[in-house]
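Chain by chain, the residues run as shown.
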Amino acid sequence: MKKYISSALVLFIILSVTGEIAASDKVLPTEWVSIVNDRTLYITGEEIHFSARVFMEENAGIPSSSILYVELISPQGQSFVSNKYSILNSGAHGYLSIPEDLITGIYYLKAYTKYMRNFGPDDYVYVPLKIINPKVDDVLGGKDLTPYKETFQTDHTLNGFFTITTDVNEYSARQDVLVNVDLDQAGQKEWLNVSVAVVPESANQVFALPVYHHTSSIPEYYPDTRGISLTGKLKDIRTRREIAGTRINLSIIGKGRDFMATETDSTGRYFFSLPVYSGYRDIFLGVEKEDTSHFQLLIDNDFCSLPVHLPSPAFTLSDEERRTAYTMALNRQINAQFNVDTMECPNEFEADEKAFYGTPSEIINLDNYIALPTLEEYFNELPGAVNVRKKNGHKYFKVLGTQPEMSYYKPLVLVDYVAVNNPEKILAATPASISRIEVVRLPYIKGDITYGGIVSIISKKGDFGGIDLPSSGIFLDYHFLSDSCHCNIPPEQSPNEPDARNTLYWNPDLQLGKNEAATFSFSTPDVPGKYRIWVKGIDSSGNVEMQSKAIVVRKQTD
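Residues numbered from 1 in each chain as written. Predicted model: local features only at pLDDT ≥ 70, side-chain atom pairs only at ≥ 80, totals over all residues. Heavy atoms only, no water.

K.L.:
With reference to specific residues and values, describe the pairing of strand β6 (residues 79–86).
P.N.:
As paired elements, strand β5 (residues 67–73) and β6 share 7 bridges and run antiparallel to each other. Bridged to leucine 68 within β6 is tyrosine 85. Joining the antiparallel neighbours β5 and β6 is a turn of 5 residues, in which glycine 77 adopts a positive phi near 95°. (Pairing = 2+ DSSP bridges. Helix = DSSP H or I, 4+ residues; strand = E, 2+ residues; numbered from the N terminus.)

Here you go:
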């Protein structure tokens, strides 16, 4: 029997996982993150490039997360930037843009998965950063009297697992640097990720916070196994109780044009696995009931908002750091003028412009027919696949089809891709405001819900034809994945523009074989000074090992 089956992401995998976890009283399996970034000293307006690996406890019995949450926070936990990144083959990389108006101070790069929220903020990974705003005198106050270097432990070690060689040690401006990275045969490790950064000498300090692994047996958050998950709860305002067994509809409006539905579980919670889109998209979330005035839809916060108390030493710079920061601030001003920064990767997650149901069986363009006074007459007078019928004094839509499911499943009725479960409201719309009606005349399966076809009404102005949407519904300007990955710093700059990069080279995933060296090259900048090549590896246990080598860019002479 032929059915019109959706190819969009479905939720049953997440629900099966949640059921498996919820049914167990044992301690939850542990998941953790290891992360490295290009440097630890930044100027406001720059980008923090990072590479991360996500680990799930061995024999956990559940898949690891597919979304990484990364934030830039203050020591008191205030978030200034937050993004989501797709985890592919247990790895993720990307960048965070530092706000231009951030004041000088010590901040943290914070990374975690939604599943890790079960164990609390102490289990997240935090990397301390020094960020300088050269345009303002304000400094983020530090509450700890302990000096910076004594506050953080050196758990990212320099153990010589990597051998770094260059063709020479000193270079002139705009000269290519050839680098070889090889494994020290005395240290046999399985490296899951190796990244490379080339930065000014004092722009990277090897300090970090210890990572803790706490236990939990209460699964409040479940792994994002199939992309970003949007979760929440449905409550009754009158009784303050959760409402179980009620269908929740979610529509992605505009670019993406997707729709999905699910039912609340026994605790009133709902779970949506969203498509892998990037940037911000409009979402409408609503309850599929005619009377929703006493319903309240609650949505879980995407990012962890629990308080955290991190070391907050007074902000200080050594003499060498001060000189480096001054040069970096000048470089930042030059780059801002010429818009010289990074090279973007192609976006792998562009949304299809077609409707989620694909090509409809039939399209009724209202402008092709004589104007009729009501929308109902278009359905009943025109030869087509949809009729308006009445039962017990209530009107409903009927999609005509030959398959038996069409007779006992209700159709999915959409207005500008938002589900509307009140035919009276739809039929009250002015026909002049409607562009076309698209009809799917086959049973349509979305997740675990079957519909007796689809009636999709498209307005001319994208304003829902003046139809009132469900009162309990919520519009969201929802943040999906980070817009682009900014995979690396380009090895060359235009000869007609000044080259004042603060990160000369960044590769988040250097391919390093066991028996052969990895080779790469980059060009030196116009700014003379001492730079350092950092190779940072994450092994199979999540440990971070580093090695570095210094090079010198000579001052140009006439």
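K.L.:
Provide a residue-level description of the pairing of strand β16 (residues 258–263), including the pertinent values.
P.N.:
Of all the 6 residues making up β16, 5 are buried; the element is thus mostly covered by neighbouring parts of the structure. Following strand β15 (residues 247–253), the chain reverses through 4 residues before pairing antiparallel with β16; glycine 254 in that reversal takes a positive phi of roughly 80°. (Buried < 20%, exposed > 50% of the residue type's maximum accessible area, 1.4 Å probe, protein only.)

K.L.:
Tell me about the confidence of the model for the protein, and name the residues and values.
P.N.:
Summary statistics for the protein give a mean pLDDT of 85 and a share of 88% for residues scoring 70 or more. The low-confidence segment residues 1–24, where pLDDT is below 50, has 53 contacts with residues more than four positions distant or belonging to other chains. Every residue in residues 346–351 is under pLDDT 50, and counting partners more than four places away or in other chains gives 14 contacts. (pLDDT = per-residue confidence, 0-100. Contact = heavy atoms within 4.5 Å.)

K.L.:
Give a detailed account of the sheet that holds β16, specifying residues and quantitative values.
P.N.:
Note: strands within a sheet are paired through backbone hydrogen bonds, in either parallel or antiparallel orientation. Pairing within the open sheet is antiparallel, and its 4 strands lie in the order β16-β15-β18-β29. Of all the strands in the sheet, just β16 and β29 (474–479) have a single pairing partner and so form its edges. Ignoring which end each strand starts from, the neighbouring axes of this sheet average 25° apart. (Axes fitted to C-alpha atoms, helices over the stretch in contact; angles between N-to-C directions.)

K.L.:
Mind laying out the pattern of salt bridges, listing which residues take part and the relevant values?
P.N.:
Scanning all chains against the criterion turns up 18 salt bridges. Residue aspartate 236 is joined to arginine 238 by a salt bridge in which the shortest nitrogen-to-oxygen separation is 3.3 Å. You can call aspartate 236 buried: its relative accessible area is 10%. Of the charged contacts in the structure, one is a salt bridge between lysine 446 and aspartate 258, with a shortest N-O distance of 3.1 Å. Within this pair, whereas lysine 446 is found in strand β26 (residues 444–446), its partner aspartate 258 is found in strand β16, the two being separated by 188 residues in sequence. The same class applies to lysine 446 as to aspartate 258, namely buried. When salt bridges with common partners are traced through the structure, they connect Asp38, Arg39 and Glu46 into a single cluster. (Salt bridge = Lys/Arg side-chain N within 4 Å of Asp/Glu carboxyl O.)

K.L.:
For the sheet that holds strand β25 (residues 434–440), give the residues involved together with the corresponding values.
P.N.:
Ordered by their spatial adjacency, 5 strands build an open sheet running β20-β25-β28-β23-β24, and the pairing between neighbours is mixed. Looking along the sheet, the strands with just one partner apiece sit at the ends: β20 (362–365) and β24 (418–419). Pairing of β25 with strand β28 (residues 454–459), which is carried by 6 bridges, proceeds in the antiparallel orientation. The partner of isoleucine 437 across the bridge, within β28, is isoleucine 457.

K.L.:
An account of the environment of serine 34 is requested, with residue identities and associated values reported.
P.N.:
Summarising the element assignment, serine 34 is placed in strand β2 (residues 31–37). A residue is classified by how much of its surface remains accessible, and serine 34, at 6% relative accessible area, is buried. In this structure the C-alpha to C-alpha distance between serine 34 and isoleucine 538, which are 504 residues apart in sequence, comes to 7.2 Å. Setting aside residues up to four positions removed in sequence, serine 34 forms contacts with Ser51, Ala52, Arg53, Phe55, Ile538, Gly542 and Val544. At 2.5 Å, the side chain of serine 34 forms a polar contact with the backbone oxygen of glycine 542. (Polar contact = N/O pair within 3.5 Å; in protein donor to acceptor, adjacent residues only side chain to side chain.)

K.L.:
An account of helix α3 (residues 319–338) is requested, with residue identities and associated values reported.
P.N.:
Taking 1.5 Å per residue, 20 residues should reach 28 Å; α3 reaches 29 Å between its end C-alpha atoms and fits that length. Every buried residue of α3 is accounted for by Glu321, Thr324, Ala325, Met328, Ala329, Asn331, Arg332 and Asn335. The inward-facing, buried residues of α3 contact β3 (41–43), β9 (125–132) and β13 (191–200). (Expected span 1.5 Å × (residues − 1).)

K.L.:
Lay out the packing of aromatic side chains in plain terms, naming residues and giving numbers.
P.N.:
Under the defined criterion, the tally for this structure stands at 26 aromatic pairs. An angle of 65° between the planes, with centres 5.1 Å apart, marks the rings of phenylalanine 379 and phenylalanine 397 as edge-to-face. Of this pair, phenylalanine 379 sits in helix α4 (residues 375–381) while phenylalanine 397 sits in strand β22 (residues 394–399), and the two are 18 residues apart along the sequence. For the pair phenylalanine 379 and phenylalanine 397, a shared accessibility class is recorded, and that class is buried. Here the aromatic residues Tyr69, Tyr108, Tyr112, Tyr124, Tyr126 and Phe303 are joined through ring pairs into a cluster of three or more. A cation sits over an aromatic face here: arginine 117 above tyrosine 221, 4.4 Å from the ring centre. (Phe/Tyr/Trp six-rings, centres within 6.5 Å; stacked < 30°, edge-to-face > 60°. Lys NZ or Arg CZ within 6 Å of the ring centre and 35° of its normal.)

K.L.:
So what about the side chain of threonine 246? Which residues, and what values?
P.N.:
Summarising the element assignment, threonine 246 is placed in the loop between β14 (229–236) and β15. Judged by its relative accessible area of 3%, threonine 246 falls in the buried class. Threonine 246 has contacts with Leu234, Thr262, Glu263, Thr264, Val287, Lys289 and Phe295, leaving out every residue within four places of it along the chain.

K.L.:
Kindly report on the side chain of lysine 536, identifying the contributing residues and their values.
P.N.:
In this fold, lysine 536 is placed in strand β32 (residues 529–539). The buried charged residue lysine 536 lacks any salt bridge partner; its closest oppositely charged side chain belongs to aspartate 38, at an N-O distance of 6.6 Å. A polar atom in the side chain of lysine 536 sits 2.5 Å from the backbone oxygen of asparagine 37. Side-chain polar atoms of lysine 536 contact the side chain of asparagine 204, separated by 3.4 Å. Apart from residues no more than four positions distant in its own chain, lysine 536 is found in contact with Val36, Asn37, Asp38, Arg39, Asn193, Val194, Ser195, Asn204, Glu545 and Met546. (Lys, Arg positive; Asp, Glu negative; His and termini not counted.)

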